[in-house]
Amino acid sequence: MVEVFAAAVFFAMELITILNRCHRFPGFVYQHARFSADKKSIEVAVRPRRGSRAVCSGCHQPAPGYDQLPERRFEFIPFWGFLIFFLYSMRRVNCRRCNTVFAEEVPWGDGKRQLTKAYMLFLARWARKMSWKETAESFRTSWDKVHDAVQYVVTFGLAHRTLGPIDAIGVDEIQYARGHKYLTLVYQIDLGMTRLLWVGKERTIESFQGFFTLIGDDLASKILFVCSDMWQPYLKVIRQKCSQALHILDRFHIVAKMNDALDEVRAGESRRMYRDGYEPVLKKSRWLLLKRKKNLTGKQRFRLRDVLRYNLKTVRAYLLKEAFQQLWDYNSPAWAGKFLDEWCHHTMRSRIEPMKKIAISLRKHRELILNYFRAQKLFSSGVVEGLNNKAKVTMRKSYGFRTFRVLELALYHSLAKLSEPEITHDFF
């Protein structure tokens, strides 16, 4: 214990040398370092260099001094398990440009925040790897300070973000709370760049229009491809704001809706068979019918083969669903359109109502589906689904966020690929 304390004393003595090498600021001097009264932290006194002028925090220009404020503490990155604090008495300046008195601007701090810029960036980077609570516990700080750090980094990144050019976007919604509460997420899905562009509350027309208000009409007019599902508010806004873009319907949502229809047929027929006293051949067959053939186990393949021997509506619906997958093998929009028309015609004669509803929907959105082939299969919402999964992981990592604003910050921080403030040294 004595050896550890002696090493810590030596470290406190050498701390000023370390700071001068990795975190030095013109116009300021690290005066001395000492242990706090409880020996749990190290306090580094900072003073302005002799003859240096204070900088106005309003216009960011040098201004004459006015007086001095009480000493403030700025929390810095911990060293060797010790908390580090900068102690500095802020000067006030009488700025003639702003025509008022302001507290000076210091290069290591941001306004009235208690954390230094370097520490906020340090915490924010760790908050991208761990949950905010784990980050706070690891560095002996609070959840609120981690939140402030992330907010600082995200605010800086959004202010310095370059939105354009954007060739392709994908829009989708994810549920973020109970009670059918959704977020609208807009991603850039260019071939060389995928990132989150915008987070909107709810999945309404007004919510999605907020994205186009952000980017402006000029940038929106240059978007070439848009991927979305069949949600009508999205379709309406895309027709209004991106009429020149090739609008591609999400193939994954189409397949998901078809699986829902098949499951509805299976559940209804299974109940009827049970009610009428027939053998329960469809019992525990849900995943046999919904999984892809290549993902079935050997035992499941044998069971599926037995189910397909029966002349059931569920079997006919399954065969229609499997036949539809051939659509994605086409390269020509013309041949894909002929296959789609033939499949819809055959399905409408099947007398299976859930599948007929799917066929009616596909006919209604025929041209948007064929745009996938017109875009040479280069764009789909597969990238969007992958980013959505990352967004859900971000939410699960902290077991949910209580407010929309905090969730918005977390998503931008994890998925938007924002630029970060520059610091004099990279702290691991």
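Here's a quick rundown of the structure. Keep in mind that what you see is a predicted model, and the values were worked out from it rather than measured. (Residues numbered from 1 in each chain as written. Predicted model: local features only at pLDDT ≥ 70, side-chain atom pairs only at ≥ 80, totals over all residues. Heavy atoms only, no water.)

1. Notes on the overall build of the chain
Then step 1. Helices and strands together make up the secondary structure of the chain, namely 15 helices and ten strands.
Then step 2. Relative to its length of 428 residues, the chain is extended, with a C-alpha radius of gyration of 30 Å against a globular reference of 22 Å.
Then step 3. Taken along the three principal axes of its C-alpha coordinates, the chain extends 90 × 55 × 35 Å.
Then step 4. Going through the 428 residues of the chain one by one, you find that 46% of them count as buried.
Then step 5. Surface summary for the chain: the accessible area is close to 23600 Å², and the carbon and sulfur share equals 53%. (Helix = DSSP H or I, 4+ residues; strand = E, 2+ residues; numbered from the N terminus. Rg over C-alpha atoms; globule rule 2.2 N^0.38 Å. Buried < 20%, exposed > 50% of the residue type's maximum accessible area, 1.4 Å probe, protein only. Areas by Shrake-Rupley, 256 points an atom, 1.4 Å probe, with all protein chains shown as cover.)

2. Let's talk about helix α14 (residues 382–397)
Then step 1. Here α14 contains 16 residues, and its C-alpha end-to-end distance of 23 Å stays within 8% of the 22 Å for a straight helix at 1.5 Å per residue.
Then step 2. Those residues of α14 lying buried are Val384, Leu387, Asn388, Ala391, Thr394 and Met395. Along the axis of α14, the buried residues cluster in a sector spanning 110°; they form a single face. Turned more than 90 degrees from where α14 packs its buried face, Lys390 and Arg396 sit exposed.
Then step 3. Lining the buried residues of α14 we find β6 (168–177), β7 (181–190), β8 (193–201) and α15 (404–415). (Expected span 1.5 Å × (residues − 1). Arc of directions from axis to C-beta. Contact = heavy atoms within 4.5 Å.)

3. Thoughts on the sheet that holds β7
Then step 1. As summarised here, the arrangement of the five strands in space is β8-β7-β6-β9-β10, forming an open sheet in which the pairing is mixed. At either end of the open sheet lies a strand with only one pairing partner, and these are β8 and β10 (246–249). Strand-to-strand twist across the sheet, computed as the mean angle between neighbouring axes with direction ignored, equals 25°.
Then step 2. In this sheet, β8 lies alongside β7 in antiparallel orientation, the contact comprising eight bridges. From the neighbouring strand, valine 186 faces β8, where its bridge partner is tryptophan 198.
Then step 3. With respect to the sheet, helix α5 (residues 205–220) is in contact with β6, β7 and β8, its orientation differing from that of β8 by roughly 125°. (Pairing = 2+ DSSP bridges. Axes fitted to C-alpha atoms, helices over the stretch in contact; angles between N-to-C directions.)

4. Brief notes about a positive patch on the surface
Then step 1. There is a patch of like positive charges on the surface, built from Arg271, Arg272, Arg275, Lys313, Arg316 and Arg351.
Then step 2. Sorting the residues of the positive patch by element identifies α7 (251–276) and α10 (313–324) as the ones contributing at least two each.
Then step 3. Looking at the positive patch, the element that brings in the most residues is α7, giving three residues.
Then step 4. Locating lysine 313 in the fold gives a position in helix α10.
Then step 5. Lysine 313 gets classed as partly exposed once you look at its relative accessible area, which sits at 33%. (Patch = residues over 30% accessible without salt bridge, like charges linked within 9 Å, V, L, I, M, F, W, Y side chains within 5 Å. Salt bridge = Lys/Arg side-chain N within 4 Å of Asp/Glu carboxyl O. Lys, Arg positive; Asp, Glu negative; His and termini not counted. Charge placed at Lys NZ, Arg CZ, Asp CG, Glu CD.)

5. Focus on the packing of aromatic side chains
Then step 1. Here the structure, examined in full by the defined rule, presents 25 aromatic pairs.
Then step 2. Look at phenylalanine 28 and tyrosine 88: their rings are 5.7 Å apart centre to centre, the planes differ by 75°, and that puts the pair in the edge-to-face class. One end of the pair, phenylalanine 28, is in strand β1 (residues 28–35); the other, tyrosine 88, is in strand β4 (residues 82–95), with 60 residues separating them in the sequence.
Then step 3. For tyrosine 88, a relative accessible area of 1% gives the class buried.
Then step 4. Note on phenylalanine 225 and phenylalanine 379: the rings are 4.4 Å apart at their centroids and 25° apart in plane angle, and the pair reads as stacked. Of the two residues, phenylalanine 225 is situated in strand β9 (residues 225–228) and phenylalanine 379 in the loop between α13 (366–374) and α14; the sequence distance between them amounts to 154 residues.
Then step 5. Look at phenylalanine 225 and you get buried, because its relative accessible area is 18%.
Then step 6. Aromatic rings pair up to connect Phe25, Phe28, Tyr30, Phe74, Phe76, Phe79, Phe86, Tyr88 and Trp108 into one cluster. (Phe/Tyr/Trp six-rings, centres within 6.5 Å; stacked < 30°, edge-to-face > 60°.)

6. As for α7
Then step 1. For α7, which comprises 26 residues, the first-to-last C-alpha distance of 38 Å matches the rise-based estimate of 38 Å (1.5 Å per residue) to within 8%.
Then step 2. By the burial criterion, the buried members of α7 are Ile254, Met258, Asn259, Ala261, Leu262, Asp263, Val265, Arg266, Ala267, Gly268, Glu269 and Met273.
Then step 3. Structurally, α7 contributes buried residues whose contacts are with α8 (286–290), α10, α11 (333–348), α12 (353–364) and α13.
Then step 4. Once α7 finishes, glycine 277 follows within two positions and takes phi at roughly 85°, a positive value.

7. Re the packing of α14 against α15
Then step 1. Interaxial distance between α14 and α15 falls to 10 Å at its minimum, and their mutual angle equals 130°. When the axes of α14 and α15 are compared, the pair comes out oblique. The two elements α14 and α15 meet at a crossing, and its hand is right-handed. Between α14 and α15, the contacting residues are Leu387, Lys390, Ala391, Thr394 and Met395 on the first element and Leu407, Ala410, Leu411, Ser414 and Leu415 on the second.
Then step 2. Of the residues in the contact of α14 with α15, the class split is seven nonpolar, two polar and one charged. (Parallel < 35°, antiparallel > 145°, perpendicular 65-115°, else oblique. Left-handed = near helix turned anticlockwise from the far one by under 90°. Nonpolar A, V, L, I, M, F, W, Y, C, P; charged D, E, K, R; others polar.)

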